[in-house]
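What follows is each chain in one-letter form.
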Amino acid sequence: MTFENVVFITYIFTGIAVILVFASLIQKIKHDRYYKKVDHARNFLLAHYIDHKPVKLRVSKRFFFDALIDVDEQIHLDDDLRSSIIRDFEKSHFIKKMKRRLNSWITYRRKIAIFYVARLRNEEAYQLLKQRFMKEKTESVKILIINNLKYGMDLPFLHQVMDSFVGASKIYQKRLATVLGANLSNIYEIFPSYMHDTRHDIIKALIRMSAFKMDSNMTVFMLEQMKMLVDKKQQTNEDIETLEAICKSLMKHSPEFLFAKSHLKHPNKILRLYAIKSYRYKNITGAMDELMASFDKSELDNERVETLSYMVFHKQHLLDDLLKKFPTYDIYQKERITAILNERLEYIILKLFHNDEDRLREILSILLDQMMIESLIAFTNHNKDEDLKIFLLKLIKNHIGFNNLMEQQFRLYLHETLLTEIGLTKLEPERKKRERPPIETTKIRWIYRWIIISLLLFPCLYIGLNFQIFANRTFGASLRGYVVHVNIYIIFYYATINMIYFLLLTLSFIGSRRQVGISKTRKNTLLFSEKLMPGISIIAPAYNESLSIIESVTSLLNLKYPDYEVIVVNDGSKDNTLDILIEHFELERKHAPMNLTLNTNPIRDVYRTKHVPNLIVVDKENGGKADALNVGINVSSKKFVCGIDADSILEGDALLKLASVMLDDTDTYVALGGNIYPANGFKFDKGKAEYRGIPKENVERFQTIEYLRAFTSGRIGWSMMKSLMIISGAFGLFKKDLLMETGGYLTSNSRFKKDTVGEDMELVVRLTRQALEKKEKFRVKYVYNAYCYTELPSDLGTLLKQRNRWQRGLIDILSYHRKIGFKPKYKQIGLIGYPYFFIFEFLGPFFETQGYVMLLIGLIFGWLNISIVLAIFAVSILFGVVISLSSIFMSEREIKMMKMSELLVMLGYAILENFGYRQMISLHRMISTFSAIRETGQWGAQKRKGFNR
C-alpha cells in the first residue's frame, strides 16, 4: 500500500469521525425540539379542528399524524372530528406512500404501512387491508392486519379469516384466536355457522375464542366437544390440550357444568382436575363436604387443598365450619388441610385457645409434625399473652426433642428469651464454604494449545513467507524484517476486525431503525389485551447487594406489564441484604412447597408479604449466580423467566418492549436480551430514573463508551445475522420449558456437574445448540430499545476483576462448546459467531499484545516507515474512533440520555479511549486468559457504591 493511499484512507476516517460528531450534535438538537413539535401538533389539533381557528401547521404531516394517533389512543376522539381530520390528510404524500407499501416485498415496510393505513378507519383503508390479508403469506403480518381491522370487519371477511386457521402454525392459531376473542365482539355472530364444522383447526379456534365470551349456543357446542373427548378411549396430547381449553372456558363462564359429585371421581384426570377447581364457585351448602370427601391420596389432592384454601379465604364461615368438623376427618385429611389452616394460624389460635385447647393442640401438633412452623414461630415471637405463651412453648418443647431439623429452625428464628425458657440457645446460620470444582484437564490442555499457537503464529508465518532469504540474513536483519512483517500482519488483523465492526455497525443502523419503527406500532391497547402477552417470572439473584437492592426491587415491582411476578433470590449474602428486604417490604416467612426439578444448593426460607402479592424472596445457601437463578426457576410459576442482576434497574416499559418482540413473528423464541445502559451518573427515585447523566469518574466514562459500542453497535448486528451468542445476565428472557428441558443454568449441582462464571452466554449457546441439533425453528434476539440500567465498577481494581471474570467465562464457554465451532451443522452460530469470539476475543489479545510490542520496538529503532505507522494508526485508532462515535449517535436515536454539554464530553472520551484505555483492557484480557487455566467457577467479590437517590 502506497503512502498516498494510506493518507487518503486516514483522511476518509477523519472525515467520517467529524461527520459523526456533527450528526450527534444535530440529533441532540432534534431531541430538544421534539417535545416542542409534539406540543405544536396537539395545539394545532385543538385550535384548528375544535376551535376552528386559522392556524398554520408547522410540522410535517407524518409527524402530525403520529401525534393524532397518540391523542386518539389516550382520549378516543369523536368520530366526526376524527373523520374531518383524516379527510385533510389521506391525500398527503405520506399516506399515499403507506398505501403503496402495503404491497412491499420487505416485511418490515408492510407492517409499518398496515399500522398507518388502518388508522385512517375508512372504507378504502379497510378494503386495502383485506386485499393485503388475502395475498399475505407471512403469518405475523396477517395477525397484525386482523388486529388493526377491528373497526372494519364484516361477516364475509370473517369467514376468510376463520379459514386461515386451517393448516396454520400453532402459534398463529393461538395468537389469532386471542386477537379475535379479545378485540372483536362481532366475531361471535359467526359461531353458529361453524358449530358443525368437522375441521379440527376450526374446532380448536372456536374453543380458544370461547375463553373470552360464551353464549348458550357456544356452551352447548363446548359440552358436546367435552363429552366426545372424555369418552375417547385413547387421548393424544392434542386431545388433552383441547379438553383442558374447554374446561378452562367452562370454568370461567359456566362453572355449574363442571362441579358435580360424579365429576370429582371421574376416570378422566383433566375433567376431575377442573371439577375440583370449579368448586371454588359453588355456593351451595355441602360443597366443602363433597370436596373433603373426594380426597383420594393422588396428586390432585394438591388442587383440592388449593380450592379449599380459596373457599376458606373468601368465606369466613367456611373456615369456622372446617374447624368445627376437624375432629371428624381422618388423619390424612387432617394433614392435608393443615396447610390451609396454617395460612390463618393467628385467627385459629386466638379462637380456639380459650374454647377448645385439645383441638388447637391437635392442629398445632400436625403442623409441627409436617414442619409447617414458620407462621407458628412468627406468632410466638409476637404473642403477649402469658398463658398462651406457656401453652405454645410446652407444645414446641415436646416436639423438638424428636426432630433435630425442627430444633435447628426454632434455634435460628425463635426469640432468644423464649428459647431460654425451653432450655435452648440461639443458633447462628451456618455459612458453608463453596467447594472448589474439579480441575478440567481437557480444558487446560485446550487453552495451552491455542495460547502456544497464537504466540507461534506470527513467527511461523514470517519464516514460511520468507524461508528462502531467511537463512542468508544476519540476526539483526532477520529481527528487523520480523518486526516490520508483524506490524503488517497487525494492519491486516485490525483491518479485518474493523471490517467486521463496520458490517455490524451497518446492520445495527438498519436493525435499530426497524426496532424503533415497529415498537411504535405496538400500542398499549394491543399489548394489554387479555392473554396476548405471556406471564413472566423475573428472577433477581442477590449477593451482598444491600446498597442497591431496594431501588432494584422497587423498579421491578413498578414495571408496566400485564402479568408478572418478582422472585428475589438471596444467595447467602454476608451483608444485611436479606434484613433490608424483610424490613422494607414487611416480609413474613412462609411454608412454600415448590417444584425442585433443577438441583440446587439448599433453600433456607421463603418470604412473602400480603402487601405485595407478586413478590417472593428466597433465602438460600451460597452457590453462585447460576445456582440462584435455578432456584428462581424452580420457584417460578409463569411460562417465561427473566433473569436480571440485583444491581440493575429496568426502565418502566423495558419488559413490555422486550416481550412484545415475540409478536413480530410466529417462530419460537428461546432467548431475548435487552439493552444494558450504564447508570453511573443517573439519579433514581423509587426505582425510576429521575435524572439521566454521565459518570464523573474517568474509568466509568471509558466503560460507558465500551457498553454503548458493545450493545448498541454490536449485538443488534449479531442478532440480525442470527449469530447472537450472548444474552446479558443483567437482563435476559427465556422460555421456561426449554430451560427446564436443557437442564437450567450450568452449575456443579446440575446434571452437567460444572460451574462457570459465563452462565448467561453458556445458556444461550446451549439452547441454540439444542434447537439446531433437533432441527427446530428458533430465534435469539437483542432488543435495542428495552433499557436496563446497571452500575459500573467505579475503580480500576474492580473493573479489572470484572474483565477477568468476563474473559474467564468466555474461554470456559468456548472450550465447553468447542464442538460447534467452524461446523456447517450449527449454521451461523458455528460459522460466524463462534469463529469471531474464538479468533478475536480469545486469541485476539495475544495478537494485539504482540503487535504493541513490535510497534514499540519498530518505533524505537526506526525500522518502520511512515506508511506502516500511519496505516496502523488509521485501522486501529481512527477506525475505533469512528465505531465509538457511531455507537454514541445510535444510543440516543430514541431516548435522550445526555445533555448537550455531556454529549460533547462523551464524544471526547470516545476519542481518548483509543489512546491507552483499550490497550490496557486488551493486555489485561491476555493475562486473564491464564487465569482461565485456574478457573474456580466463582465470581469473586465486587465493590459497589449503590445507585444515586
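Conventions adopted
Residues numbered from 1 in each chain as written. Predicted model: local features only at pLDDT ≥ 70, side-chain atom pairs only at ≥ 80, totals over all residues. Heavy atoms only, no water. Helix = DSSP H or I, 4+ residues; strand = E, 2+ residues; numbered from the N terminus. Rg over C-alpha atoms; globule rule 2.2 N^0.38 Å. Buried < 20%, exposed > 50% of the residue type's maximum accessible area, 1.4 Å probe, protein only. Contact = heavy atoms within 4.5 Å. Polar contact = N/O pair within 3.5 Å; in protein donor to acceptor, adjacent residues only side chain to side chain. Pairing = 2+ DSSP bridges. Axes fitted to C-alpha atoms, helices over the stretch in contact; angles between N-to-C directions. Salt bridge = Lys/Arg side-chain N within 4 Å of Asp/Glu carboxyl O. Phe/Tyr/Trp six-rings, centres within 6.5 Å; stacked < 30°, edge-to-face > 60°. Patch = residues over 30% accessible without salt bridge, like charges linked within 9 Å, V, L, I, M, F, W, Y side chains within 5 Å. Areas by Shrake-Rupley, 256 points an atom, 1.4 Å probe, with all protein chains shown as cover. Lys, Arg positive; Asp, Glu negative; His and termini not counted. Charge placed at Lys NZ, Arg CZ, Asp CG, Glu CD. Core = buried A, V, L, I, M, F, W, Y, C linked by side-chain atoms within 4.5 Å. Expected span 1.5 Å × (residues − 1). Parallel < 35°, antiparallel > 145°, perpendicular 65-115°, else oblique. Nonpolar A, V, L, I, M, F, W, Y, C, P; charged D, E, K, R; others polar.

The subject of this paragraph is the overall build of the protein. Regarding its fold elements, the protein presents 41 helices and twelve strands. The C-alpha atoms of the protein give 33 Å as radius of gyration, which agrees with the globular expectation for 949 residues (30 Å, within 12%). Dimensions of the protein along its principal axes, counting C-alpha atoms only, are 105 × 80 × 60 Å. Within the protein, buried positions represent 58% of all 949 residues.

You can see Ser719 is positioned in helix H33 (residues 698-720). Relative accessible area serves as the criterion here: at 10%, Ser719 is assigned to the buried category. In this structure the C-alpha to C-alpha distance between Ser719 and Tyr782, which are 63 residues apart in sequence, comes to 5.9 Å. The contacts of Ser719, once residues within four sequence positions are left out, are Leu724, Val780, Lys781 and Tyr782. Here the side chain of Ser719 touches Tyr782 through a polar contact of 3.3 Å, landing on its backbone nitrogen.

Strand pairing within a sheet occurs via backbone hydrogen bonds; the two strands may be parallel or antiparallel. Reading across from one edge, E3-E4-E5-E2-E1-E6-E11-E8-E12-E7 is the order of the ten strands in this open sheet, with mixed pairing throughout. Lying at the two open borders of the sheet, with one neighbouring strand each, are strand E3 (588-590) and strand E7 (648-650). In this sheet, neighbouring strand axes are inclined to one another by 30° on average, regardless of whether the strands run parallel or antiparallel. Sheet topology places strand E1 (residues 536-542) next to strand E6 (residues 640-644); four bridges connect them, and they run parallel. Across the sheet, residue Ile538 finds its bridge partner in E6, namely Cys642. The strands touched by H33 within the sheet are strand E8 (669-678) and strand E12 (779-790), with E12 carrying the most contacts at an inclination of about 160°.

Taken as a whole and assessed by the stated rule, the structure comprises 53 salt bridges. Among the salt bridges present, the one from Arg132 reaches Glu136, with a minimum N-O distance of 3.1 Å. The exposure classification of Arg132 matches that of Glu136, with both residues buried. Two residues, Arg925 and Glu841, come together in a salt bridge whose shortest N-O distance is 3.0 Å. One end of the pair, Arg925, is in helix H41 (residues 917-933); the other, Glu841, is in helix H37 (residues 827-842), and 84 residues separate them in sequence. Judged by its relative accessible area of 18%, Glu841 is buried. Taken together, the shared-partner salt bridges connect Glu440, Lys443, Lys754 and Asp812 into one network.

Another point: helix H29 (residues 549-557). For H29, the tally of buried residues reaches nine of nine residues, placing the bulk of the element in the interior. For H29, the set of buried residues is Ile549, Ile550, Glu551, Ser552, Val553, Thr554, Ser555, Leu556 and Leu557.

Turning next to the packing of aromatic side chains. One pass over the structure, following the stated rule, counts 49 aromatic pairs. Here the aromatic rings of Tyr462 and Tyr482 are separated by 5.6 Å at their centres, their planes lie at 70°, and the arrangement is edge-to-face. With Tyr462 in helix H25 (residues 441-465) and Tyr482 in helix H27 (residues 475-521), the pair connects residues that are 20 residues apart, well separated along the chain. Across the pair, exposure class does not vary: Tyr462 and Tyr482 are buried alike.

Let us now look at the side chain of Asn148. Examined against the element boundaries, Asn148 turns out to sit in helix H7 (residues 139-148). One polar contact links Asn148 to Arg119, side chain to side chain, over a distance of 2.3 Å. Within the local environment of Asn148, its side chain forms a polar contact with the backbone oxygen of Leu144, the two atoms lying 2.8 Å apart. When near neighbours in sequence (up to four residues on either side) are disregarded, Asn148 contacts Ile114, Phe115, Ala118 and Arg119.

Taken together, the side chains of Arg445, Arg449, Lys722, Lys775, Arg818, Lys819, Lys823, Lys825 and Lys827 present a region of like positive charge at the surface. With respect to the helices and strands, the residue Lys823 is situated in the loop between helix H36 (796-816) and H37. Overall, the relative accessible area of 38% leaves Lys823 in the partly exposed class.

This part covers the environment of Phe475. In this fold, Phe475 is placed in helix H27. Sequence-wise, Phe475 and Asp760 are 285 residues apart; in three dimensions their C-alpha atoms are separated by 49 Å.

Attention now goes to unusual backbone geometry. Positive phi is not limited to glycine here, since His52 has a value of about 55°. Looking at where His52 falls in the secondary structure, it is placed in the loop between helix H1 (3-50) and helix H2 (61-75). Despite not being glycine, Lys297 shows a phi value in the positive range, around 65°. Here Lys297 lies in the loop between helix H15 (287-293) and helix H16 (301-314). Note on Lys297: relative accessible area 64%, which makes it exposed.

Okay, the nonpolar core next. Core analysis: the largest hydrophobic core is formed by 282 residues, its most contacted members being Leu364, Ile536, Leu615, Phe731 and Phe734. In terms of residue count, H27 provides more of this core than any other element does, 15 residues in total. The next biggest cluster of nonpolar side chains, apart from the first, holds 31 residues, and it includes Leu20, Ile705, Tyr787 and Val881.

Every α-helix winds through 3.6 residues per turn, so residues three or four apart in the chain are directed the same way. In a regular helix each residue adds 1.5 Å, so 18 residues correspond to 26 Å; helix H38 (residues 844-861) covers 26 Å between its end C-alpha atoms and thus fits that length. When H38 is considered as a whole, its buried residues turn out to be Gly844, Pro845, Phe846, Phe847, Glu848, Thr849, Gln850, Gly851, Met854 and Gly858. Of the surrounding secondary structure, the elements contacted by the buried residues of H38 are H25, H27, H36, H37 and H41.

Attention now moves to the pairing of strand E11 (residues 731-735). Most of E11 is tucked away: four of the five residues are buried. As paired elements, E6 and E11 share five bridges and run antiparallel to each other. Note that in E11 the partner of Phe640 across the bridge is Lys735. Both E8 and E11 contribute to a ladder of three bridges, which runs antiparallel. Counterpart to Gly673 in the pairing with E11 is Gly732.

Following both chains from N to C, one finds H33 and helix H40 (residues 900-912) inclined at 80°, their axes separated by 9 Å at the closest point. Overall, the two elements H33 and H40 adopt an arrangement that is roughly perpendicular. Side by side, H33 and H40 meet where Asn698, Arg701, Phe702, Thr704 and Ile705 of the first sit next to Val905, Met906, Tyr909, Ala910 and Leu912 of the second. By residue class, the composition of the contact of H33 with H40 is seven nonpolar, two polar and one charged.

Here the focus is the side chain of Lys334. Relative to the helices and strands, Lys334 resides in helix H18 (residues 331-343). One polar contact links Lys334 to Glu362, side chain to side chain, over a distance of 2.6 Å. Aside from chain neighbours lying at most four places away, what touches Lys334 is Phe326, Pro327, Tyr329, Glu362 and Ile366.

What follows covers the packing of H7 against helix H9 (residues 170-183). At a minimum axis separation of 10 Å, H7 and H9 run at an interaxial angle of 5°. In terms of orientation, H7 lies roughly parallel with respect to H9. Residue-level contacts link Glu139, Lys142, Ile143, Ile146 and Asn147 of H7 to Tyr172, Arg175, Leu176, Val179, Leu180 and Asn183 of H9. Taken together, the residues that form the contact of H7 with H9 break down as six nonpolar, two polar and three charged.

Of all ten residues that make up E8, ten are buried, and the element is covered over most of its length. Alignment of E8 against E12, held across nine bridges, turns out to be parallel. Bridge pairing links Gly673 to Tyr782 in E12.

A word on the environment of Lys30. Tracing the backbone through its elements, the reader meets Lys30 in helix H1. You can call Lys30 exposed: its relative accessible area is 57%. Through-space distance from the C-alpha of Lys30 to that of Leu557 is 33 Å; in sequence the pair is 527 residues apart.

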